[in-house]
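Take a look at the letters that make up each chain.
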Amino acid sequence: AQSVTQPDIHITVSEGASLELRCNYSYGATPYLFWYVQSPGQGLQLLLKYFSGDTLVQGIKGFEAEFKRSQSSFNLRKPSVHWSDAAEYFCAVGQLQGAQKLVFGQGTRLTINP
Amino acid sequence: DAGVIQSPRHEVTEMGQEVTLRCKPISGHDYLFWYRQTMMRGLELLIYFNNNVPIDDSGMPEDRFSAKMPNASFSTLKIQPSEPRDSAVYFCASSRTLTGGTDTQYFGPGTRLTVL
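We now turn to the structure provided with this report.

**Brief notes about the state of the cysteines**
Residue and element names in this part refer to chain A. Tallying each qualifying case throughout the model produces two disulfides over all chains. Between the sulfur atoms of Cys-23 and its disulfide partner Cys-91 the distance amounts to 1.9 Å. Since a negative S-S torsion denotes a left-handed disulfide, the Cys-23-Cys-91 link at about -65° is left-handed. Placement of Cys-23 in the loop between strand E3 (19-21) and strand E4 (24-26) and of Cys-91 in strand E10 (residues 87-94) is noted, with a sequence separation of 68 residues between them. With a relative accessible area of 0%, Cys-91 lands in the buried category.

Here's what the structure looks like:
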C-alpha cells in the first residue's frame, strides 16, 4: 500500500534562512509526487509535482524539490524563507496512470521567526 | 477560472441532524474527489467520481455518509444523521484526464463542519 511519511511535525526557521522539509514515500511502482501548501483556513495549493524526467523540480514561490528514488524521498527546499511561507506543507503520492488517488503525509507545520 | 467552489464554508449543526455539503468543480474537469481532514487522521480520500459516476467509495466511513454527482458541475456529500466525530474540514477537489494520465488535483477552500 502507498504511504507517505513526513518525519517533522513542526519546524521553526528564521526569516531568510534556508529550509528543507522531508518526505519519504512507500510505493511499488513509479510514483507521482506532490507538495501542497495550506495556509490557515484555506484549501490546498499545489507547490510542485514530479512525474518523470529531471529529478529536480521547480515550483511556485521559489520552492524546489528533489526526487531520490534510492532513498524513496522527495524533500522540499527553499534557499531563503519569507514570513509569508508560514503554513502547513503536505507531501502526497499518487499512481502514475489513471485517477489520482492521492495519499497524503501528516503534514509539517512551518513557523517563521522574524 | 473560479476554481473549485464549496459551500457552505462553515457549518455548525447538532448531533442527529442532516448535513449537506456542496461542490462545484472546475469546468471541464472530469474527476471529482471528496476528502476529509482531521487532526487525528490527516487528509483522507472519501470518494471520487469520474464523469459523474462513483468509482471508489472505499474511504466513506459508514452508511451515514453518501455522495452524489447528478451532473458535471455539481456534487454533494451528505451526512445523515451527523455525529460529533464527523466534525472536520471537508475538501472537494477536481482534476481532468490528460493523455497518459490525469492532471493535478485542484482543491476547494473546504467546509469546516462542527457537530455539537
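Anyway, onward from the coordinates.
**Some points on the sheet that holds strand E1 (residues 5-7) of chain B**
Across a sheet, strands are paired by hydrogen bonds formed along the backbone, either parallel or antiparallel in direction. Residue and element names in this part refer to chain B. Read from one edge of the open sheet, four strands run E1-E3-E8-E7, paired in antiparallel fashion. The outermost strands of the open sheet, each flanked by one partner alone, are E1 and strand E7 (65-71). Adjacent strand axes in the sheet meet at a mean angle of 15° when their direction is disregarded. Pairing analysis gives three bridges linking E1 to strand E3 (residues 19-24), with the strands arranged antiparallel. If you follow Gln-6 over to E3, its bridge partner there is Cys-23.

**Some remarks on the layout of surface pockets**
Size it by volume and the largest pocket reaches roughly 750 Å³. Along the wall of the largest pocket there are 32 residues; nearest its centre are Gln-38, Glu-88 and Phe-90 of chain A together with Gln-37 and Met-39 of chain B. Per-element tally for the lining of the largest pocket: the top contributor is strand E13 (residues 111-115) of chain B, with four residues. Among the residues making up the lining of the largest pocket, the classes are represented as 13 nonpolar, 15 polar and four charged. Each pocket or cavity is described by its volume, and for the second largest pocket that value is around 210 Å³. What lines the second largest pocket is a set of 16 residues, and nearest its centre among them are Gly-43, Leu-44, Gln-45 and Leu-46 of chain A together with Phe-107 of chain B. Of all the elements in the fold, those that place two or more residues in the lining of the second largest pocket are strand E5 (32-38) and strand E6 (44-50) of chain A together with strand E12 (106-107) of chain B. Here the residues of the lining of the second largest pocket sort into eight nonpolar, seven polar and one charged.

**A few points about empty space enclosed by the protein**
Residue and element names in this part refer to chain A. Within this structure, the stated rule accounts for one cavity of 30 Å³ or more. The volume enclosed by the largest cavity comes to roughly 50 Å³. For the largest cavity, the full set of lining residues is Val-37, Ser-39, Leu-47, Lys-61, Phe-63, Ser-84, Asp-85, Ala-86, Ala-87 and Tyr-89. A breakdown of the residues in the lining of the largest cavity according to their chemical character gives six nonpolar, two polar and two charged.

Parameters and conventions
- Residues numbered from 1 in each chain as written.
- Chains lettered and ligands numbered in written order.
- Predicted model: local features only at pLDDT ≥ 70, side-chain atom pairs only at ≥ 80, totals over all residues.
- Heavy atoms only, no water.
- Disulfide = S-S within 2.5 Å.
- Helix = DSSP H or I, 4+ residues; strand = E, 2+ residues; numbered from the N terminus.
- Buried < 20%, exposed > 50% of the residue type's maximum accessible area, 1.4 Å probe, protein only.
- Pairing = 2+ DSSP bridges.
- Axes fitted to C-alpha atoms, helices over the stretch in contact; angles between N-to-C directions.
- 1 Å grid on protein atoms, 1.4 Å probe; cavity = no way out; pocket = protein on both sides within 12 Å on 5 of 7 lines; lining within 4 Å.
- Points joined across faces, edges and corners; volume = space filled by probe spheres on them.
- Nonpolar A, V, L, I, M, F, W, Y, C, P; charged D, E, K, R; others polar.

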